[in-house]
Amino acid sequence: MTLLGVNIDHVATIRNARGGHEPEPIHAALVAEASGADSIVCHLREDRRHITDRDVKLLGEVLNTALQLEMALHEDVITVALELKPREVMIVPEKREELTTEGGFDAAKELDRLKVVVGKFRTAGIGVSVFIDADMQQVDAAHKAGADTVEIHTGPYSHAKTAAEYDEELDRIETAAHRAWELGLDVHAGHGLNYHNIERLLRQIPVEKVNIGHAIVSRAVFTGLENAVRDMKALITAIS
């Protein structure tokens, strides 16, 4: 059964737009959890432009499911993660000017640094995932660094325009996933996944978990968060 991780970053973005307290990301996380989410995902950026240290602390205290903390290799964020001890961290690239994460983390280029950080988290009992492009070299590097999991970047698949492009991107993801499984890694998928493209992905590549945020929060504007999470969970369950 493929699990569903719900990313609540966009709820925090709406809250911060007015500098107030609503909508409350913690409330969103609890609603998502009660509606079938298997984990809650949030990204603590260096500039704290949506999720804050306070949010991560409270999530760790109130969630019954797992908390996955997305983060770049910034020393202050590493320190926060080691102090708060989420169930898992996911190492991602980060640029201040980007609207959302663009591309996977270059584990091959940053292998030495990644090994050190992964070692710190493993010693602290925190699981480690690395967000990578669907590339064999990146899978191998994440494994060498000691990660437990790779999350394969599904943006190119999600943004494909033609049937040929969809097939090509799915094949790339599948090749990377099988390499990861051969190495004993868990495989997650995320970025751009929605109610229309999730079925095709999971029918070909039954990954252990998908992480979805924007599509769920967008649907929640019209149907409510509870229904949006349940609808996505139902789609995944029907396929799995």
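Refer to the structure above for everything that follows.
Our subject in this report is the structure included herewith. (Residues numbered from 1 in each chain as written. Predicted model: local features only at pLDDT ≥ 70, side-chain atom pairs only at ≥ 80, totals over all residues. Heavy atoms only, no water.)

Around the barrel, which closes on itself, the 8 strands sit in the order S1-S2-S3-S4-S5-S6-S7-S8 with parallel pairing between neighbours. Each strand axis lies, on average, 25° off the axis of its neighbour in the sheet, ignoring direction. In this structure, strand S5 (residues 127–132) lies alongside strand S6 (residues 149–153), joined through 4 bridges in parallel fashion. When the sheet's bridge partners are listed, serine 129 is paired in S6 with threonine 149. The sheet strands contacting helix H11 (residues 225–239) are strand S1 (3–7) and strand S8 (209–212), and the helix crosses S1 at an angle near 150°. (Pairing = 2+ DSSP bridges. Helix = DSSP H or I, 4+ residues; strand = E, 2+ residues; numbered from the N terminus. Axes fitted to C-alpha atoms, helices over the stretch in contact; angles between N-to-C directions. Contact = heavy atoms within 4.5 Å.)

Quick look at the nonpolar core now. With 74 residues, the main nonpolar core has Phe121, Leu201, Val210 and Ile216 as its most contacted residues. At 6 residues, the largest contribution of residues to this core is made by H11. Dropping the residues within four chain positions of it, leucine 201 is found in contact with Thr154, Tyr157, Leu170, Ile173, Ala189 and Leu193. (Core = buried A, V, L, I, M, F, W, Y, C linked by side-chain atoms within 4.5 Å. Buried < 20%, exposed > 50% of the residue type's maximum accessible area, 1.4 Å probe, protein only.)

One can find threonine 2 in the segment before S1. Judged by its relative accessible area of 4%, threonine 2 falls in the buried class. Side-chain polar atoms of threonine 2 contact the backbone oxygen of valine 207, separated by 2.8 Å. Leaving out residues up to four positions away in the same chain, threonine 2 has contacts with Leu202, Pro206, Val207, Glu208, Lys209, Val210, Ile236 and Ser240. (Polar contact = N/O pair within 3.5 Å; in protein donor to acceptor, adjacent residues only side chain to side chain.)

This part covers empty space enclosed by the protein. Applying the stated criterion across every chain yields a total of 1 cavity of 30 Å³ or more. Considered as a void within the structure, the largest cavity measures approximately 30 Å³ in volume. Lining the largest cavity are Val6, Asn7, Ile8, Val11, Ala28, Ala32, Ile216, Val217 and Leu225. Listing elements by their share of the lining of the largest cavity, those giving two or more residues are S1, helix H2 (25–34) and helix H10 (214–223). Residues that form the lining of the largest cavity fall into these classes: 8 nonpolar, 1 polar and no charged. (1 Å grid on protein atoms, 1.4 Å probe; cavity = no way out; pocket = protein on both sides within 12 Å on 5 of 7 lines; lining within 4 Å. Points joined across faces, edges and corners; volume = space filled by probe spheres on them. Nonpolar A, V, L, I, M, F, W, Y, C, P; charged D, E, K, R; others polar.)

The next thing to look at is the layout of surface pockets. In this structure, the second largest pocket occupies an estimated 230 Å³ of space. As for the second largest pocket, its lining consists of 13 residues, and the residues nearest its centre are Leu3, Ala66, Glu88, His188 and Lys209. For the lining of the second largest pocket, the elements supplying multiple residues, two or more each, are strand S3 (66–71) and strand S7 (186–190). No other element matches the 3 residues that S3 contributes to the lining of the second largest pocket. Taken together, the residues of the lining of the second largest pocket sort by class into 3 nonpolar, 4 polar and 6 charged.

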